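# Reading the structure
Given next are the chains, with one letter for each unit.
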Amino acid sequence: MFLSPFPEKNYCRQNGALVSLQAKIASNAYIGEGTIIYPNVNIADGCHIGSHCIIGEPSASYYERPSDYEFKETFIGNGSIIRSHSIIYAGVEIGDNFQSGHRITIRELSKIGKDCSVGTLSDLQGKLVIGNHVRLHSNVHIGQMSIIDDYVWIYPYVVLTNAPYPPMGELKGVTVKQFAQVCTSAVILPGLTIGENALIGAGAVVTKDVLSERVVLGNPGKDICSVRDLRNEKGKQIYPWKDFLSVYRGYPWQKEEN
Amino acid sequence: MFLSPFPEKNYCRQNGALVSLQAKIASNAYIGEGTIIYPNVNIADGCHIGSHCIIGEPSASYYERPSDYEFKETFIGNGSIIRSHSIIYAGVEIGDNFQSGHRITIRELSKIGKDCSVGTLSDLQGKLVIGNHVRLHSNVHIGQMSIIDDYVWIYPYVVLTNAPYPPMGELKGVTVKQFAQVCTSAVILPGLTIGENALIGAGAVVTKDVLSERVVLGNPGKDICSVRDLRNEKGKQIYPWKDFLSVYRGYPWQKEEN
Amino acid sequence: MFLSPFPEKNYCRQNGALVSLQAKIASNAYIGEGTIIYPNVNIADGCHIGSHCIIGEPSASYYERPSDYEFKETFIGNGSIIRSHSIIYAGVEIGDNFQSGHRITIRELSKIGKDCSVGTLSDLQGKLVIGNHVRLHSNVHIGQMSIIDDYVWIYPYVVLTNAPYPPMGELKGVTVKQFAQVCTSAVILPGLTIGENALIGAGAVVTKDVLSERVVLGNPGKDICSVRDLRNEKGKQIYPWKDFLSVYRGYPWQKEEN
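Given the structure is predicted, the values throughout are model-derived calculations rather than measurements. (Residues numbered from 1 in each chain as written. Chains lettered and ligands numbered in written order. Predicted model: local features only at pLDDT ≥ 70, side-chain atom pairs only at ≥ 80, totals over all residues. Heavy atoms only, no water.)

### Considering the pairing of strand β8 (residues 54-57) of chain C
Sheet analysis places strand β5 (residues 36-37) of chain C next to β8 of chain C, joined by two bridges and oriented parallel. Bridging across to β8 of chain C, I36 of chain C finds its partner in I54 of chain C. (Pairing = 2+ DSSP bridges. Helix = DSSP H or I, 4+ residues; strand = E, 2+ residues; numbered from the N terminus.)

Right under this line is the structure:
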């Protein structure tokens, strides 16, 4: 007979979930089948935690002596939806109205603001500071030490790297400024800053800092023009996007009209 | 005590799975451990559904009022194999002899033909029309509104995008025509058409429509030659591949000889 | 009533796991919630197997006649940590002190040495030979037939391909030699060899063999310089990395000083 990481004196089964006796879960929250809630987790009002999730996952030092591990507080804000098979590490703090796809990972010591979303399979590697109203699409990889400001959009398969001289240990995170957009499969090299309202094209490999409102394309990435020079198929200016967004996407400067 | 998304009056446990009383599962189908079958799911003869899967997952409006949600029909055709940790949304229709890797996601309102396969981690974002005999390899990302015709092959880490002016809301899906192949890590920009029998090289970023039988390589993608000009290491013509496929891969025009 | 892949005469529930009566698990190993251990699995001393994992997953021929399938031996070496939602196929042999992230997949007939690590979401497609002290980061895709020597590092979203003339069936794996590094989102074309101590840049598409100690960048990849020509921001030579690694990373030639 082998050992269990969930001794009966510390965990109980409720509605098909396995829950630490030291967790705090709002009575109007939903918790899915097979989900594990570790100690010192705090799940606020009206959350939906999907099935087969793990909330409060311990970091590497747990494996040295599991019974002595001290779980840092994990906080999930009001009205958040975390879809199935997702893993949130101990020491993560998530603001209100968070939404995730399936199978996301958010590692330790990350702080995420309110009204953010993270798509299916995205992997946030820890020690992150993420603002409000940030949208990370599917399968985005955010290296440790990254800083992502309010209203940033990052699209599928983008990687923010952090090791300037791999495999040496010094890490330098990427900073992405307000309203910037990083398009599909772009790679940002370590320590760089992507300026406010900048647009990084699909598949670009960004090797230098990007100034505000600039468009960068290609491998290696080249500064091509201002976002103000871009036109849609009707010849209409469309960026900076904050000034041209016509549909309601839940931003504070917008009015809901439906 | 928190809430359960699976009230006992509507779900029962069978063989380690959690199954809606409104689901219809063939008596000769296998369902794995911890798998969840939502209402209005129809699993046909001889299917294997792996462990920790979710079939009939509700879409976003479910979270507004879970108890009122109407599950659209989800259909899994005869003899299909869906491997573990996969998620098929409500309103997906999959033809006979489908095969998947692990942890695939197929979102709502997608229709997939017969004899298709989808590899581990692939993420099909919904509102898709996929033909017959289509092979999507591992970790492919298919944006909403894409159309994929019969006999297409798409290889790992390819992304079919759909937002021409992100983050504006108008989406234009990619169309991939019969027998075309999109190789590893290529990105196809929104609204483009990849012609019949075309070959998109590994890592290409495709920014224009691709004509039938053309080879496109690089970032940005350049039209290099006809697939008929390609030769293997013995100097032999090998494309269009339908005309040169010598091993049996289960296509209707092939005879099984073993 | 449907069928179960885990008949009660062959499997038992222990501590929330589902375990074959033909598996061999050390009494000091931990096995997580909802994890499935198939027949002929051997888990050695002091391992931690996370929750919702599958160890000894059967390969494709299982589905032809499940009850007749012969499970090849699956071996997990001493002190290994396999994090949640991971899948290790039957016929995989893993050396001591292996560590994985979450949701990795290692397919059949792969042999992995000691002191290796594989990051979250990485997908090892089978028939692989991987040496000792190899580090594969998150979301790496290793095609079948690849050979990876000791001390290699491969970073996120790298793909080692293997089909020279897709979709034709002949596969030619990539070989990565000792101490080489393949950086984020690079793609290596089929059958190529990456030489000892070579450095492949982020986003490179490698189309030719790479000689020892060479740096290759771009799409298509170009041989730019020797790794000995690279300098860090202080003007100091830093490669070959084995000669300049100052922090303790657990390599045999290093002394632990803390």
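And the narrative resumes.
### Observations concerning unusual backbone geometry
All names here are of chain A. With an omega dihedral of 5°, the bond running from P166 to P167 counts as a cis peptide bond. In this fold, P167 is placed in the loop between β23 (159-160) and β24 (175-176). Going from N219 to P220, the amide bond is cis rather than trans, its omega being 0°. At K127, a position not held by glycine, the phi torsion is positive, near 55°.

### What to know about the relation of the copies chain A and chain C
When chain A is fitted onto chain C, the two copies agree to an RMSD of 0.0 Å after a turn of 120° and an axial shift of 0.0 Å. Interpreted geometrically, this transformation is the action of a three-fold axis. The fraction of interface residues of chain A whose copies in chain C are also interface residues is only 17%, indicating that the copies meet through different surfaces. (Least-squares fit on C-alpha atoms with pLDDT ≥ 70 in both. Contact = heavy atoms within 4.5 Å.)

### A few points about the nonpolar core
Residue and element names in this part refer to chain B. Formed by 66 residues in total, the largest nonpolar core has its most connected members in I43, I154 and I200. Secondary structure elements with two or more residues in this core: β2 (17-20), β5 (36-37), β6 (41-43), β8 (54-57) and β11 (87-89). Those residues within four positions of I43 in sequence are excluded, and the remaining contacts are K24, I25, A26, A29, I31, I37, I49 and I76. (Core = buried A, V, L, I, M, F, W, Y, C linked by side-chain atoms within 4.5 Å. Buried < 20%, exposed > 50% of the residue type's maximum accessible area, 1.4 Å probe, protein only.)

### Description of the interface of chain A and chain C
Each partner contributes to the interface: chain A provides 42 residues, whereas chain C provides 50 residues. Counting across the chain A and chain C interface gives one salt bridge. In this structure, the salt-bridge partner of E33 of chain C is R13 of chain A, at a minimum N-O distance of 2.8 Å. Every element with two or more residues in the side of chain A that touches chain C is listed here: β8 (54-57) and β11 (87-89) of chain A. Among the residues forming the side of chain A that touches chain C, the class breakdown is 25 nonpolar, twelve polar and five charged. (Salt bridge = Lys/Arg side-chain N within 4 Å of Asp/Glu carboxyl O. Nonpolar A, V, L, I, M, F, W, Y, C, P; charged D, E, K, R; others polar.)

### Some points on the sheet that holds strand β3 (residues 24-25) of chain C
One key point about sheets: their strands pair by backbone hydrogen bonds, in either a parallel or an antiparallel sense. Residues and elements named next belong to chain C. Strands sit in the order β3-β6-β9-β12-β15-β18-β21-β24-β27 across an open sheet of nine strands; the sheet is parallel. Whereas interior strands pair on both sides, the edge strands pair on one side only; in this sheet they are β3 and β27 (193-194). Note: strand β6 (residues 41-43) against strand β9 (residues 74-76), three bridges, orientation parallel. What sits directly across from V41, in β9, is T74.

### Notes on the sheet that holds β11 of chain B
Residue and element names in this part refer to chain B. What the eleven strands build is an open sheet, ordered β1-β2-β5-β8-β11-β14-β17-β20-β23-β26-β29; its pairing is mixed. Pairing within the sheet leaves two strands with one partner each, and these edge strands are β1 (11-14) and β29 (205-206). Relative to β29, strand β26 (residues 187-188) runs parallel, the two sharing two bridges. When the bridges of β29 are listed, I188 appears paired with V206.

### Re the packing of aromatic side chains
All names here are of chain A. Applying the stated criterion to the full structure yields 54 aromatic pairs over all chains. Plain terms: the ring middles of Y11 and Y38 are 6.4 Å apart, the flat faces sit at 85° to each other, and that makes the pair edge-to-face. Here Y38 lies in the loop between β5 (36-37) and β6 (41-43) and Y11 lies in strand β1 (residues 11-14), a separation of 27 residues in the sequence. Judged on exposure class, the residue Y11 and its partner Y38 are both buried. Here the aromatic rings of W241 and W253 are separated by 6.2 Å at their centres, their planes lie at 50°, and the arrangement is tilted. Of the two residues, W241 is situated in the segment after β31 (222-226) and W253 in the segment after β31; the sequence distance between them amounts to twelve residues. A residue is classified by how much of its surface remains accessible, and W241, at 1% relative accessible area, is buried. Aromatic ring contacts, followed pair by pair, group F6, Y11, Y38, Y62, Y63, Y69 and F71 into a single cluster. (Phe/Tyr/Trp six-rings, centres within 6.5 Å; stacked < 30°, edge-to-face > 60°.)

### Quick notes on the side chain of E57 of chain A
Mapped onto the elements, E57 of chain A comes out in strand β8. With no salt bridge to any partner, buried E57 of chain A finds its closest opposite charge in R83 of chain C, at an N-O distance of 4.8 Å. In contact with E57 of chain A, other than residues within four places in its own chain, are Y38, Y63, I87, I88, Y89 and A90 of chain A together with H102 of chain C. (Lys, Arg positive; Asp, Glu negative; His and termini not counted.)

### Quick word on the interface of chain B and chain C
Taken together, the contact between chain B and chain C spans 50 residues of the former and 42 residues of the latter. For the pair chain B and chain C, the summed buried surface comes to about 3,700 Å²; carbon and sulfur atoms form 61% of the total. It is Y30, R103 and Y157 of chain B that lose the most area in chain B upon contact with chain C, and together they represent 17% of the buried surface on that side. There are one salt bridge connecting chain B and chain C. The set of elements that each furnish at least two residues to the side of chain B that touches chain C consists of β2 and β4 (30-31) of chain B. (Buried area = accessible area lost by both parts, 1.4 Å probe.)

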